[in-house]
Each structure stands twice: as C-alpha cells, then as structure tokens.
Protein chains: 2
Amino acid sequence: MKLFPMPSNATSRRVPDSGAARPARVALVGAGPGTRDLITLRGAQRLQDADVIFYDRLIDPDLLDLARRDAKRVYVGKAPGCHSWSQEKINAFLVAAAKRGERVVRLKCGDPGVFARGAEEAEALQAEGIEVEIVPGVTAASAAAAATGTFLTKRGRNDTLVLTTAHKADHSTPPDWVQLMASGARVAVYMGVSKARDIVDLLESAGLAHRTVVDIVSHAETRRQKTAQCCALELVDVIADRKISNPAILFFSLGENSECTFLSEQPPALVTMA
Amino acid sequence: MKLFPMPSNATSRRVPDSGAARPARVALVGAGPGTRDLITLRGAQRLQDADVIFYDRLIDPDLLDLARRDAKRVYVGKAPGCHSWSQEKINAFLVAAAKRGERVVRLKCGDPGVFARGAEEAEALQAEGIEVEIVPGVTAASAAAAATGTFLTKRGRNDTLVLTTAHKADHSTPPDWVQLMASGARVAVYMGVSKARDIVDLLESAGLAHRTVVDIVSHAETRRQKTAQCCALELVDVIADRKISNPAILFFSLGENSECTFLSEQPPALVTMA
C-alpha cells in the first residue's frame, strides 16, 4: 500500500523493488514523539516497505501497525538508562539484516539527528559499505510544546532555543547554557528529570533560580502525558510530588518578573490527558 | 478520505464533522521543510479536513494537493524579508474564516513552534475566543541535517544544539551563542545567509573564526537544494560564489583541529540535487 506518490526528488533516491543489485541499505526513521500519527508520510512509507524494523522502548505499539503484517518487528529496548541491547549489538544486527538484502528500518524516537545516537549507527553501517538514509522526524521539544499549546520561540522575546540533554556521554557538568537563558533563550533539557537537582544548583549558583520558570512535559502526546509549570526553586519537589518521570522535557526560561511570585499564590498547574 | 484511524488521545480533541455547536477553531500545522512527504500524518489529515488553507511562500505546491479539491487555498506569501501580507492581515483573515465556521488550517513551514511567529497568530485567535490546535512539524534544522546525511548532535562531541535566527524582531546583535559553540555545541542559524558577515565578525572577535566549520544547506529537500562546507573565514565568499540564498540553515561548530586546514587543500564541497 502506497500512501501517496513520492515527489520526484525522493523517488530518485528510492530503492528499486527487486533485483540482486539492490544495495544494502538502512533507513534511520524518526518516529516523532511515538504517537502513530506524528510520524511523517515518508517515515510511514518506509515502515510499509520494511522487511524488518528495529524499534526503541518509547515507540507507541500502534505506530508499528503501519508496517506490513509480515514484517519482522525487533524490540531493542533502547532508552537512556535502560538499554536492553547495547549500541554495539544494535549496530551488528542492523548490518547483518542489511547484508541479507532485507529492507531495514531503524525506527527512532523523535528526530534521528537529535540525541538519538544516530551518528553511531550510521558510522557503523557506512563502515560496512551500507547506505544510510535519514528520514527526519518531529523532535520531542516540538511535540511537547505543541501538546501544551505553547511555542518554542517567540519573536522579540525568545529568539534562541537551546536543546540539550541531561544524559551526556561523559557525565560532566552541563554546558553553560545559563548565560544564553539569561539573555532570552529558551532551554529544553531532554531526559532532564533525573538531573533536576544538578540543573537547579547550576541556576542557583548563577543567582537565577528564583526567577527561572520551568515548564515540564512528560510522556508528550500519550495518555500518560503530564504537564506542570513551576519556579526552578520548586522543581525537585514538583517532580517528586507529581511523580513525573522520563521521557520528559524540562523547558527553562527567565520569568518576566524579578521573582516567580505567581508560585506562592497558586499551586503549580498540573494537567493530565488521562 | 481518512489516512488512518486517529489515536484516542487525538480523537478526543477532534472537531465534530457537523452541528452548529462546533467551536471556531484553527489548526496551526507544521508542514516540515515543504516537501510533500515530510508533513506528519496528522498534518496531512488536517489538510484533508480543511475548508480553507492559508499557506506560506516556502510551501511546495505539491503539498497542497493533499487537501480536498474544493478547499480554498490562500497564499499569504509570508517569508522573512518578503511579507506579501502583514502579520495583522493574516491574523484577521484567520479569525474571520474561523468565525464563519470554516475548518481553517494555517500551514507553516517547519514546526509552528520554531521561528514561525505561531505565538502571534495563536494569541490573536485566542483573544477572539477561537480554539487553536498546534500540529508539530519537522523543523528546518532537522530536515537540513537529514538531507545531507548528518546529525545535529553527536554523543560525546556535540551534546547541545542551539537554534537561532538571523532575523530578529529588534535587529540587535545575535545572542552570544559563541561561548556555547566553543564548549561543544552545534549552532544552527535559520535564515542566516544575509547576516553571514555579522556572524563571522562575531566569531572573529572571539578568536574562533579560523577554526569554526560551517555547513550550509539551502532549500533543503527541494530540487534547488545546495550544500557546502567551509571555514567561517570563507563563508561570505562561498555564499556569493555559489549563489546560496535563503531559505538556508548555517550550521556552526568548532573544528577538531586548531585551524580549518582542510580548506586550503581542497575547494569547499558543493553538492546539488538538481
């Protein structure tokens, strides 16, 4: 089943449907936040073409229904802090499937280019002479903002957006995005729940915690979605009280007032879709 | 025509198909880079449901073929530096169409939350009691990276990504993202071609221009796509020589060497899809 005719520039890069000369090839496909209908048309097309799909822990099972019934679905369980498969094992299976001539999709949460370790998989594949196609997706920050009716940038107020992650390879301190936030940037920390204490410390040492507003969105676009808004000083307590867990995005921006006064007047807003 | 059954959490927010009580409502839909097949399934569904679509200059006309044949297509010509319609006029037409009870889609390039002035449109609509739904999209940086086979972050090397724009409301100097770049961030400047000179000056004053690598992607995912890689010191000349124009993303990151030595040995790589 074809969703739509492909545009000519995409068609020229498509794999022929048959023939022994078909090059070994893997599509790294961004699933978006994991909800079935926030993948791109091209991503859905690749799923429908796939012989085998390697997918992550955060992918909504409904999304896999887009694939052919006889396609192999391989759960690799990859998620920060919870790797069922090592990256090396994932790489090895991708290489092996592509070399068998199978149409391989590596389905990744969000966008393959943003905190998805796509570069490591692409390098392993290319080292074996396997072609890699990247199908971009909606990154988690975009999905989280949209799900809560907010915008990542706002002309004249937040003209810069920083995407960073609390799960870094070297576990060092986060880069100093605090100065950019102070000059008007909005900062989205991916998978930030477990590092909230460290981030608040960073803001406190810069003298900014009392006027930094945090918007929290966990499990965006799923039935488990939770959102909350609080002052950075309250962040650790709000996360604990509301039982907020990763996958979550923490958005940091400087409040318009010299203190987060609204917070003492009303409890943090909490909205669930369940 | 329905593409797919909607997931339950989306269904609960859908507009009923008939009835006078249907609330006035506008969907701000991210089109992705403009190519027909990089919109999300949800975005395509909204296009198919729409009575009227207000679209920007950068949208590929093929994308509008996803809409019903009898849907009104209104070109508002909005693009940085080239506004056929003022923002106020766009807002007024969105409000009027929604109040007439039409299903309105405001189709925006990339993601509505990133440099799309979505907040201004949403505020104008909400001030008139009109519901706003945001359908996220693939932002231009993700599309540009994917189209060139690269990744926006790389574990252990580029753990932070900065998205900023050369077209700011106040035309002031860009925020100081240079320090973040120096500590390992990758910086994507949207619509940066016309401000390349200013950016290079900023890097030179920080003593970093000679070892900053720039990846240029213009008209990503279209037949006019051009890409080039150069040292920041060459950026202005490369843009002029290669006739690179907006829409374009300039990616800045610190090179691995103390100087962009590769640049004196070979001409900047240029790839076109045409």
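Structure first, text after, so check above.
Everything numeric here is computed off the predicted structure, so don't read it as measured data.

Draft legend 1. Representation of the sheet that holds strand β1 (residues 25–30) of chain B within the structure. All names here are of chain B. Ordered by their spatial adjacency, five strands build an open sheet running β3-β2-β4-β1-β5, and the pairing between neighbours is parallel. In the strand order of this sheet, the two ends are held by β3 (72–75) and β5 (131–135), each with one partner. Taking the axes of each pair of neighbouring strands and ignoring which way they run, one obtains an average angle of 20° across the sheet. Relative to strand β4 (residues 104–108), strand β2 (residues 52–55) is paired through four bridges, and the arrangement is parallel. Within β4, the residue paired with I53 across the bridge is V105. This element, helix α4 (residues 87–99), spans β1, β2 and β4 of the sheet and lies at about 150° to β4. Against the sheet, helix α5 (residues 118–127) contacts β1, β4 and β5, and its axis sits at roughly 170° relative to β1.

Draft legend 2. Highlighting the environment of L202 of chain B. Within the secondary structure, L202 of chain B sits in helix α8 (residues 196–205). Taking the C-alpha atoms as reference points, L202 of chain B and L64 of chain B, separated by 138 residues in sequence, lie 40 Å from one another.

Draft legend 3. How the structure looks around the sheet that holds strand β2 (residues 52–55) of chain A. Residues and elements named next belong to chain A. Taken in spatial order, the five strands of this open sheet run β3-β2-β4-β1-β5, and their pairing is parallel. Both outer strands of the open sheet, β3 (72–75) and β5 (131–135), are each paired with one neighbouring strand and no more. Within the sheet, the average angular offset between the axes of one strand and its neighbour, ignoring direction, is 20°. Of the pairings in the sheet, the one linking strand β1 (residues 25–30) to strand β4 (residues 104–108) comprises five bridges and is parallel in character. Bridge pairing in β4 places V26 opposite V104. Sheet strands touched by helix α2 (residues 41–49): β1, β2, β4 and β5. Its angle to β5, the strand with the most contacts, is close to 135°. Taken strand by strand, helix α5 (residues 118–127) contacts β1, β4 and β5, and its axis lies near 170° from that of β1.

What counts, and where the lines are drawn
Counting starts from 1 at the beginning of each chain's written sequence and moves along it residue by residue. Chain labels run from A onward and ligand labels from 1 onward, assigned in the order the entries are written. Thresholds applied to this predicted model are a pLDDT of at least 70 for local features of residues and 80 or more for the giving and counting of side-chain atom pairs; totals over whole chains, interfaces and linings are not thresholded and use all residues. The basis for every side-chain value is the complete set of non-hydrogen atoms in the structure, without hydrogens or water. In this description, strands pair whenever DSSP reports at least two bridges between them. To qualify as a helix, a DSSP run of H or I must reach at least 4 residues; to qualify as a strand, a run of E must reach at least 2; elements of each kind are numbered from the N terminus. Between N-to-C directions, angles span 0 to 180 degrees; the directions come from axes that are lines fitted to C-alpha atoms, helices contributing only their stretch in contact. Throughout, a residue-residue contact means that at least one pair of heavy atoms, one from each residue, lies within 4.5 Å.

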